[in-house]
Amino acid sequence: MLTAWRAHLCGLCLTLRDHHGQFARMATNYDGLILSVLAEAQDSRPAAQRTAGPCPLRGFRTTGVVSSGERGARLAAVVSLALAAGKIRDHAADGDGMAGRRVSGAPLRHVAASWSVAAARDAESLGFDMTVLTEAVDRQVALEAAAAPSLLQVTEPTETAVAAAFAHTAALAGEPRNAESLREAGRLFGRIAHIIDAVEDLDEDLARGSYNPLVATGTSVAEAGRLCEDALTGLGLAVQDLELRERHLVEALLVGETRHAVRRAFAERVHPTDPRRKIAAGIVTFLTCGLYRPPWSRYRQGGEKGRCYLSNFGCGDCFYGCDGTCGCS
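The structure presented is a predicted model; accordingly, all values stated were derived computationally and were not measured. (Residues numbered from 1 in each chain as written. Predicted model: local features only at pLDDT ≥ 70, side-chain atom pairs only at ≥ 80, totals over all residues. Heavy atoms only, no water.)

> Whenever I open this one, helix α4 (residues 106-125) confuses me. Can you help?
An α-helix turns once per 3.6 residues; consequently, residues spaced three or four apart project the same way. The terminal C-alpha atoms of α4 lie 30 Å apart, and with 20 residues this matches the ideal 28 Å at 1.5 Å per residue to within 8%. Inspection of α4 places V111, A112, W115, S116, A118, A119, D122 and A123 among the buried residues, and these make up the whole buried set. (Helix = DSSP H or I, 4+ residues; strand = E, 2+ residues; numbered from the N terminus. Expected span 1.5 Å × (residues − 1). Buried < 20%, exposed > 50% of the residue type's maximum accessible area, 1.4 Å probe, protein only.)

> What's the story with the pairing of strand β1 (residues 49-55) in this structure? I'm lost.
Note on strand geometry: in a regular strand, side chains alternate between the two faces of the sheet. Direction of pairing for β1 relative to strand β2 (residues 61-66): antiparallel, over a ladder of five bridges. When the sheet's bridge partners are listed, R50 is paired in β2 with V65. Here β1 folds back onto β2, and the loop between the two strands holds five residues, one of which, G59, carries a positive phi near 65 degrees. (Pairing = 2+ DSSP bridges.)

> Is there a simple way to think about the environment of V255 in this case?
Along the chain, V255 falls in helix α10 (residues 248-270). Taking the C-alpha atoms as reference points, V255 and F189, separated by 66 residues in sequence, lie 9.6 Å from one another. With residues near it in sequence (within four places) discarded, V255 still touches G236, V239 and V250. (Contact = heavy atoms within 4.5 Å.)

> Explain the nonpolar core here, please?
Burial of nonpolar side chains together is a common tendency in soluble globular proteins. Within the largest apolar cluster, 70 residues are counted, with the highest numbers of intra-cluster contacts made by W115, F128 and F166. Here the element with the most residues in this core is helix α7 (residues 179-208); it accounts for 11 residues. Excluding its chain neighbours within four sequence positions, the residues that come into contact with F128 are L75, V79, A123, L133, A164, A165 and H168. (Core = buried A, V, L, I, M, F, W, Y, C linked by side-chain atoms within 4.5 Å.)

> Would you mind showing me how to read the packing of helix α5 (residues 131-146) against helix α6 (residues 151-173) here?
To describe two helices that pack against each other, one gives the angle between their axes and the distance between the axes. α6 packs onto α5 with a crossing angle of 170 degrees between their chain directions and a minimal axis gap of 9 Å. Here α6 runs roughly antiparallel to α5, going by the angle between their axes. Packed against α5, whose contacting residues are V132, L133, A136, R139, Q140 and L143, the element α6 presents Q153, V154, E156, P157, T158, T160, A161 and A164 at the interface. Considering only residue class, the contact of α5 with α6 consists of eight nonpolar, four polar and two charged. (Axes fitted to C-alpha atoms, helices over the stretch in contact; angles between N-to-C directions. Parallel < 35°, antiparallel > 145°, perpendicular 65-115°, else oblique. Nonpolar A, V, L, I, M, F, W, Y, C, P; charged D, E, K, R; others polar.)

> Which parts of the structure should I look at to understand the pattern of salt bridges?
Side chains carrying opposite charge are able to pair once their charged atoms draw close together. Per the stated rule, a full pass over the model turns up 15 salt bridges. Between D18 and R50 there is a salt bridge, and its shortest N-O distance comes to 3.3 Å. A residue pair is termed long-range when its members are at least 10 positions apart, and D18 in helix α1 (residues 2-20) and R50 in strand β1 qualify at 32 residues. We classify D18 as partly exposed; its relative accessible area is 37%. Residue R50 is classed as partly exposed on the basis of its relative accessible area, which comes to 30%. Ionic pairing is found between E180 and R183, a salt bridge with its closest N-O pair at 3.7 Å. Of this pair, E180 and R183 both sit in helix α7, separated by three residues, roughly a single helical turn. Linked through salt bridges whose partners overlap, the residues forming this network are E159, E184, R187 and R191. (Salt bridge = Lys/Arg side-chain N within 4 Å of Asp/Glu carboxyl O.)

> Would you take a moment to explain a nonpolar patch on the surface for this structure?
A cluster of nonpolar side chains, contributed by I279, I283, F286 and L287, occupies part of the molecular surface with about 420 Å² of accessible area. Tracing the backbone through its elements, the reader meets I283 in helix α11 (residues 275-287). Taking relative accessible area as the criterion, I283 reaches 47% and is therefore assigned partly exposed. (Patch = residues over 30% accessible without salt bridge, like charges linked within 9 Å, V, L, I, M, F, W, Y side chains within 5 Å. Areas by Shrake-Rupley, 256 points an atom, 1.4 Å probe, with all protein chains shown as cover.)

> For this particular structure, what's the right way to read the side chain of R58?
For R58, the location among the structural elements is in the loop between β1 and β2. Not counting residues up to four positions away in its chain, the partners in contact with R58 are R6, C10, A52, G53 and T63.

Limitation: the analysis is restricted to geometry and does not speak to function.
Written out as structure tokens, the structure reads:
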């Protein structure tokens, strides 16, 4: 699955380059590649691949990647480019970062405009209606300016945009029966992604006085977590309803990795920086050679061998002299 995932990620990066220029590779993102994965998983044939040259992000190794001619990869590139352009415009409207600067941010705003035009042109060739995305971005800006009363009203434009993109993979793959389940999966995935982004940016936004959906709508982190957990349940059910040629990578990304992303985003919030709690977790982690990791640890979801401190030694060197079941060797 890692090889397949990398093929889609690198394929998205090179599709952006081939269709929209070298600088467009900056729009490559992990969420966008899901569209390429969904399109291939529904198609009756595997996506065509080609060999990509050495890349520093792959340790200068060559690898097989999804061809930039594949419609799923092209859709992923279109959506990634459009959303990146929308994010730049959003920062410009908020006066944040480089894009928000009146003079020095002008080139970046120009890039966003050119990306929007390029994405619309390629989307038309794929039969995808880009107005869904552009209207969602405009609606997002308007909602934030008007201080929407509820968090789900703020996440609605993102949900609508992602739902449309997910559903279109069914059209590309010739599987219209999947469209409604994909629309529901996209809506819930968009909700989760938006809320996670708000939670991760909360402290920085508060420090800078920038807009944050949780603050603007008076939503507590606990309530945001509950909304994400509910969405995770619905997302899992929607994915189960899909008719797929190959399910493993789809389920790993949309169910497994999304669940891990939610857990990571809320772990430190749910378990605040209480020194006693952290000391206790550290003691248990030490006594178990790292096999136990607290909920906020980035190693928690790793395999046993990756968590264990003694993975480079034989089990005979383990504190417990274990029988090998812990994965030390």
